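What follows is the residue order along each chain.
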Amino acid sequence: MTARCPTCGAPVMEGVAPVQRWTPARKAEVVKAIQRGRMTFNEALERHDLTPEELTGWIAREAAHGHRGLSVTRLQQVRS
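What you are looking at is a predicted structure, and each value in this text was computed from that prediction instead of being measured.

Asker: Sorry if this is basic, but what is going on with helix α3 (residues 52-65) here?
Answerer: Residues separated by three or four positions in an α-helix point in the same direction, a consequence of the helix having 3.6 residues per turn. Its 14 residues give α3 an end-to-end C-alpha distance of 20 Å, which sits within 8% of 20 Å, the value for a rise of 1.5 Å per residue. All of the buried residues in α3 are Leu 55, Gly 57, Trp 58 and Arg 61. Buried positions in α3, seen along its axis, are confined to an arc of 155° and lie on one side of it. Away from the buried face of α3 by more than 90 degrees, exposed residues Glu 53, Ala 63 and Ala 64 are located.

Put into structure tokens, the structure is as follows:
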């Protein structure tokens, strides 16, 4: 069973965690938690083992394209 963030419900990296796939829904959970003040940007970085560039990208794509912008396939279409 994967540990979950008590703030946003997204999977949390603890120790040597298995590789996880960030689905658009999981990314959206983290972005919403930051937007609603349930966690800070820095807390999200630490809890989910993300880089600042990665998280900033999620926030920007969600703002520009909504939930669909968080999909890798959708991102490739948007860039084309």
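Asker: Mind showing me how you'd approach helix α2 (residues 41-48) here?
Answerer: Residues of α2 that are buried include every one of Ala 44, Leu 45 and His 48, and no others. The buried residues of α2 occupy an angular sector of 100° when projected down its axis, which confines them to one face. Buried-residue contacts for α2 involve α1 (24-35) and α3. Downstream of α2 by one or two residues, Asp 49 has phi in the positive range, about 50°.

Asker: For this particular structure, what's the right way to read the nonpolar core?
Answerer: Across soluble globular proteins, you tend to see nonpolar side chains buried next to one another. In terms of nonpolar packing, the biggest core is built from 16 residues, with Cys 8, Val 30, Met 39, Leu 55 and Trp 58 touching the most fellow members. It is α1 that contributes the most residues to this core, five residues altogether.

Asker: So what exactly am I meant to see when it comes to the packing of α2 against α3 here?
Answerer: For any two helices packed against each other, the geometry comes down to the angle between their axes and how far apart the axes lie. Where α2 contacts α3, the two axes come as close as 10 Å, and the packing angle between them is 120°. Considering their axes alone, α2 and α3 lie oblique with respect to each other. In the packing of α2 onto α3, the handedness of the crossing is right-handed. Note on element contacts: α3 touches α2 through Pro 52, Leu 55, Thr 56 and Ile 59, opposite Phe 41, Ala 44 and Leu 45. In terms of residue class, the contact of α2 with α3 is made up of six nonpolar, one polar and no charged.

Asker: How should the packing of aromatic side chains be read in this particular structure?
Answerer: In this description, a pair of aromatic rings is defined by centroid distance and the angle of the planes. The final tally for this structure, using the stated rule, is one aromatic pair. Between the aromatic rings of Trp 22 and Trp 58, the centroid separation amounts to 5.0 Å while the plane-to-plane angle is 55°, which identifies the pairing as tilted. You can see Trp 22 sitting in the segment before α1 and its partner Trp 58 sitting in helix α3, a full 36 residues away along the chain. Of the two residues examined, Trp 22 and Trp 58, each falls in the buried class.

Asker: In this structure, what is going on with the side chain of Lys 27? I would like to understand it.
Answerer: By the secondary structure assignment, Lys 27 is in helix α1. Despite its burial, Lys 27 pairs with no opposite charge; the closest candidate is Glu 54, at 6.9 Å N-O. What Lys 27 contacts, discounting residues up to four positions off in sequence, is Trp 22, Trp 58, Arg 61, Leu 70 and Val 72.

Calculation notes
- Residues numbered from 1 in each chain as written.
- Predicted model: local features only at pLDDT ≥ 70, side-chain atom pairs only at ≥ 80, totals over all residues.
- Heavy atoms only, no water.
- Helix = DSSP H or I, 4+ residues; strand = E, 2+ residues; numbered from the N terminus.
- Expected span 1.5 Å × (residues − 1).
- Buried < 20%, exposed > 50% of the residue type's maximum accessible area, 1.4 Å probe, protein only.
- Arc of directions from axis to C-beta.
- Contact = heavy atoms within 4.5 Å.
- Core = buried A, V, L, I, M, F, W, Y, C linked by side-chain atoms within 4.5 Å.
- Axes fitted to C-alpha atoms, helices over the stretch in contact; angles between N-to-C directions.
- Parallel < 35°, antiparallel > 145°, perpendicular 65-115°, else oblique.
- Left-handed = near helix turned anticlockwise from the far one by under 90°.
- Nonpolar A, V, L, I, M, F, W, Y, C, P; charged D, E, K, R; others polar.
- Phe/Tyr/Trp six-rings, centres within 6.5 Å; stacked < 30°, edge-to-face > 60°.
- Lys, Arg positive; Asp, Glu negative; His and termini not counted.
- Salt bridge = Lys/Arg side-chain N within 4 Å of Asp/Glu carboxyl O.

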